[in-house]
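Chain residues, written in single-letter form:
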Amino acid sequence: MKANRKDSRSSVLERINLRLSPEVLEAIDAECLRRAGSVSRNTWITEAVTERLARLASSSRPQGAGGDNG
């Protein structure tokens, strides 16, 4: 049964290859170590991408849509 659950999760996610310099990987690893608990490099990168996309989405909202200018 465990294999079925894993298969269903993996069908939702896509694997990619990501090329980063050793310096960037070292910086990511250092940030992972600063966090409480165990945070993987993958989790850190996923969180960073998600946060960036959220910021871009909120900054691209129309000015009059509940912002300070409305």
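Here, every reference points to the structure presented above.
This is a predicted model, so every value here is computed, not measured. (Residues numbered from 1 in each chain as written. Predicted model: local features only at pLDDT ≥ 70, side-chain atom pairs only at ≥ 80, totals over all residues. Heavy atoms only, no water.)

Below, the discussion takes up the pattern of salt bridges. Enumeration over the complete set of coordinates arrives at 3 salt bridges. The salt bridge partner of Arg41 is Asp29, with a shortest N-O separation of 2.7 Å. Of this pair, Arg41 sits in helix α3 (residues 41-59) while Asp29 sits in helix α2 (residues 22-34), placing them 12 residues apart in sequence. A relative accessible area of 28% places Asp29 in the partly exposed class. Ionic pairing is found between Arg34 and Glu31, a salt bridge with its closest N-O pair at 2.2 Å. Of the two residues, Arg34 and Glu31 both sit in helix α2, 3 residues apart, roughly one turn of that helix. Judged by its relative accessible area of 31%, Glu31 falls in the partly exposed class. (Salt bridge = Lys/Arg side-chain N within 4 Å of Asp/Glu carboxyl O. Helix = DSSP H or I, 4+ residues; strand = E, 2+ residues; numbered from the N terminus. Buried < 20%, exposed > 50% of the residue type's maximum accessible area, 1.4 Å probe, protein only.)

A surface patch of nonpolar side chains, about 360 Å² in accessible area, is lined by Ile16, Leu18, Leu20 and Val24. For Val24, the position within the fold is in helix α2. Residue classification places Val24 among the partly exposed positions, given a relative accessible area of 36%. (Patch = residues over 30% accessible without salt bridge, like charges linked within 9 Å, V, L, I, M, F, W, Y side chains within 5 Å. Areas by Shrake-Rupley, 256 points an atom, 1.4 Å probe, with all protein chains shown as cover.)

All we've got here are geometric facts, nothing functional implied.
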